[in-house]
Amino acid sequence: MDVILQQTINAISLGGVYAMLALGLAIVFSIVGLINFAHGDIMTFGGYGIFLSLAFGMAPVPALVVGIAAAVVMALTLERTAFRAMRGADVVTLLITSFAVSEILKVVFQNAISARPVPISLPAGWSGTYQVAGTTIGVVPTVSLVVAFTSLLGLSLVLRRTAIGMAMRAAAEDLEMLKLLGVRANRVVAIAFALSGLLAGIAAVIWTAQRGSVDPMMGFFPVLKAFIATVLGGLGSLGGAVLGGFVIGALEVLTQAFLPDSLSPYRDAIVLALVIAALLWRPDGLLPARSATRS
Amino acid sequence: MQTALALRGLDVRYGPVQAVRGVDLTAARGGVTALLGANGAGKTSTVMAVAGARRIAGGSVFIFGRDMTGATPDAIVRAGVAISPEGRRVFSALSVEDNLTLAGSVVGDAATALARKAAMMERFPILGERRKQLAGLLSGGEQQMLAVARALMSGPRLLLMDEPSLGLAPQMVDRIFGIIEELRDEGISILLVEQNAALALDVADHAVVLANGVVAAAGPPQDLKSDKLLQAAYLAA
Ligand SMILES: Nc1ncnc2c1ncn2[C@@H]1O[C@H](COP(=O)(O)OP(=O)(O)OP(=O)(O)O)[C@@H](O)[C@H]1O
Ligand SMILES: [Mg+2]
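Presented here is an overview of the structure given in this document. Since this is a predicted model, take the numbers as computed values, not measurements. (Residues numbered from 1 in each chain as written. Chains lettered and ligands numbered in written order. Predicted model: local features only at pLDDT ≥ 70, side-chain atom pairs only at ≥ 80, totals over all residues. Heavy atoms only, no water.)

**Details of the interface of chain A and chain B**
Listed as interface residues are 19 residues of chain A and, on the opposing side, 28 residues of chain B. Carbon and sulfur atoms supply 63% of the area buried between chain A and chain B, which totals about 2,200 Å² over both sides. At the boundary of chain A with chain B, the tally comes to four salt bridges. Glu176(A) is the salt-bridge partner of Arg89(B), the closest N and O atoms lying 2.9 Å from each other. The tally of links from chain A across to chain B stands at five residue pairs in polar contact (both at pLDDT 80 or more). Looking at side-chain class alone, the side of chain A that touches chain B contains nine nonpolar, two polar and eight charged residues. (Contact = heavy atoms within 4.5 Å. Buried area = accessible area lost by both parts, 1.4 Å probe. Salt bridge = Lys/Arg side-chain N within 4 Å of Asp/Glu carboxyl O. Polar contact = N/O pair within 3.5 Å; in protein donor to acceptor, adjacent residues only side chain to side chain. Nonpolar A, V, L, I, M, F, W, Y, C, P; charged D, E, K, R; others polar.)

**Notes on the coordination of the magnesium ion (ligand 2)**
Taken together, the protein ligands of the magnesium ion (ligand 2) are Thr44(B) (OG1) and Glu86(B) (OE), with distances of 1.9 to 2.2 Å. Here Glu86(B) lies in the loop between strand E6 (81–84) and helix H3 (96–104) and Thr44(B) lies in helix H1 (residues 43–50), a separation of 42 residues in the sequence. (Donors = N, O, S within 2.8 Å, 3.2 Å for Na, K, Ca; no water. Helix = DSSP H or I, 4+ residues; strand = E, 2+ residues; numbered from the N terminus.)

**Topic: the packing of aromatic side chains**
Residues and elements named next belong to chain A. On inspection of all chains with the given rule, the structure shows seven aromatic pairs over all chains. For the pair Phe-45 and Phe-109, a centre-to-centre distance of 6.3 Å together with 25 degrees between the ring planes defines the contact as stacked. Residue Phe-45 is located in helix H2 (residues 39–55), and its partner Phe-109 is located in helix H4 (residues 91–112); the two are separated by 64 residues in the primary sequence. Judged by its relative accessible area of 28%, Phe-45 falls in the partly exposed class. Given the relative accessible area of 4%, Phe-109 is considered buried. On the basis of an interplanar angle of 45 degrees and a centroid distance of 5.2 Å, the ring pair of Tyr-48 and Phe-109 is categorised as tilted. Here Tyr-48 is found in helix H2, whereas its partner Phe-109 is found in helix H4, with 61 residues between them in sequence. (Phe/Tyr/Trp six-rings, centres within 6.5 Å; stacked < 30°, edge-to-face > 60°. Buried < 20%, exposed > 50% of the residue type's maximum accessible area, 1.4 Å probe, protein only.)

**Details of the sheet that holds strand E5 (residues 66–67) of chain B**
The strands making up a sheet associate through backbone hydrogen bonding, with each pair oriented either parallel or antiparallel. Residue and element names in this part refer to chain B. Taken in spatial order, the four strands of this open sheet run E2-E1-E4-E5, and their pairing is antiparallel. Edge strands, defined here as strands with exactly one partner in the open sheet, are strand E2 (17–28) and E5. In terms of strand pairing, strand E4 (residues 58–63) meets E5 through two bridges, oriented antiparallel. Paired with Ile-63 across the bridge in E5 is Arg-66. The sheet strands contacting H1 are strand E1 (3–14), E2 and E4, and the helix crosses E1 at an angle near 115 degrees. (Pairing = 2+ DSSP bridges. Axes fitted to C-alpha atoms, helices over the stretch in contact; angles between N-to-C directions.)

**Let's talk about the pairing of E2(B)**
All names here are of chain B. Where E1 and E2 come together, eight bridges link them in antiparallel fashion. Within E2, the residue paired with Leu-10 across the bridge is Val-23. Linking E1 to E2, which pair antiparallel, is a turn of two residues; within it Gly-15 sits at a positive phi near 55 degrees.

**Observations concerning a nonpolar patch on the surface**
Residue and element names in this part refer to chain A. Taken together, the side chains of Val-3, Ile-4, Leu-254 and Phe-258 define a hydrophobic patch exposed on the protein surface, amounting to about 410 Å² of accessible area. Looking at the nonpolar patch, the elements that each hand over two or more residues are helix H1 (2–32) and helix H9 (238–258). Note that Phe-258 resides in helix H9. (Patch = residues over 30% accessible without salt bridge, like charges linked within 9 Å, V, L, I, M, F, W, Y side chains within 5 Å. Areas by Shrake-Rupley, 256 points an atom, 1.4 Å probe, with all protein chains shown as cover.)

**Details of the pattern of salt bridges**
Tallying each qualifying case throughout the model produces 18 salt bridges over all chains. The partner of Arg89(B) in a salt bridge is Asp174(A), and the shortest N-O contact between them spans 2.9 Å. Remark: Asp174(A) occurs in helix H6 (residues 163–180) and Arg89(B) occurs in the loop between E6 and H3; the pair is interchain, linking two chains. The exposure class of Asp174(A) is buried, given its relative accessible area of 16%.

Structure, rendered in structure tokens:
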């Protein structure tokens, strides 16, 4: 019972991080057709934002806010400097551009800060535990879970209920038509990038709070999982990205908790094999992008 | 002369393809100007260039007397131009009402946008009935009405309509041409692209025929209708 509750919380909080990253990737992909390889570096930049704020003596909570803001600024900067000029290029060209941007950022992180992990020390109380009905539960995973859910819910409200959300859904379907209506498309695209940066920044906060350090590759591995999540959920489908993220998170935690030790080196292989099996069963993903067209 | 739209030597290119070459066209204010021609003649390229969605390789575009050559689509909308594009292009994953709301979001004043939306639902009752339905689930004719209503949300003085009757049942075609006449009577200038030359020449005050990207003929509809050679070459329905 003890293990199951704790592992469930771990699974959901890890899945929440993947879901936020996958949703950020999916929002940008659905509008400009960019598979943003540099998304992980946006997350890493958020991590360094936290590190530097703490290093300059800022209090923990403001430092986390600075980290999130740093990720948003980085996402907007990349859109403006690297991706806007490439708008309309084909998917492969965009992918390679983002790959180059990602490599450049990693080199900058290595040389400007450090190739090695730098510590992020948050107050000792934050890594504490609490008791529920005799079960010990970590504070950080619980807070992560709440933050991830709140962010995802908030974003889905923005997409479904606000004017800018409506414009983003329309842009995903037909960006040129949106422009023809007189809507300033650059603004809509910039806001999509800002939202993806916001989610990456929040993911960076959760990730660094759990791991206690930042390094140039910090964002790479979770975003790799998030890519897999977007494909598993259905490329271009926002709901699919979120679902895919939670599925991957759950599979990882379950395999870690319940696989016998002799099989644990094969954990990633087992998770990926399950993903491939799911894609063979549903080639368009678990929740394909909905197309409401009359047949 | 009061003109809604004047094109002077318009060129549009797609790489090596010269889709539009030196096209001159004048659309009078308050009238219906028909832009005719066979498949691939360059009609859509011309209209999309006017709307700011195709790069203009040469020549000029004057909208209500102002030089708008190379302006962005949003500047062109603010200059009073709206488009019902080829293929309708309604946002299929948005509801009928959200399609209109989105188009109204470019109107500075929220009350005006709301009033216009209500007026559209009244003018096109089917859109009012289906307001909550996804636009992608409307019939072709209903989608065409939504495309026109969406264009009208910005309160245009010049409406570009690219093949509004394509693929519609005869009854629906009549309805669309009825709407064109209504809008003209309300003082909206219209540039009407059509393959259905006979119908278009019936409502138009002036017509321009494109062939392979150049103007093959231009003049009053009666003249074009009586020109047997022209009919056979470019306007065979
Ligand atoms: N995006 C594009 N890229 C390359 N060539 C294009 C593009 N759009 C149009 N063309 C070419 O430009 C020419 C004119 O096309 P356009 O769509 O303007 O013709 P149209 O008169 O509207 O034809 P239709 O009646 O079939 O709609 C054609 O030869 C077409 O193949
Ligand atoms: Mg056309």
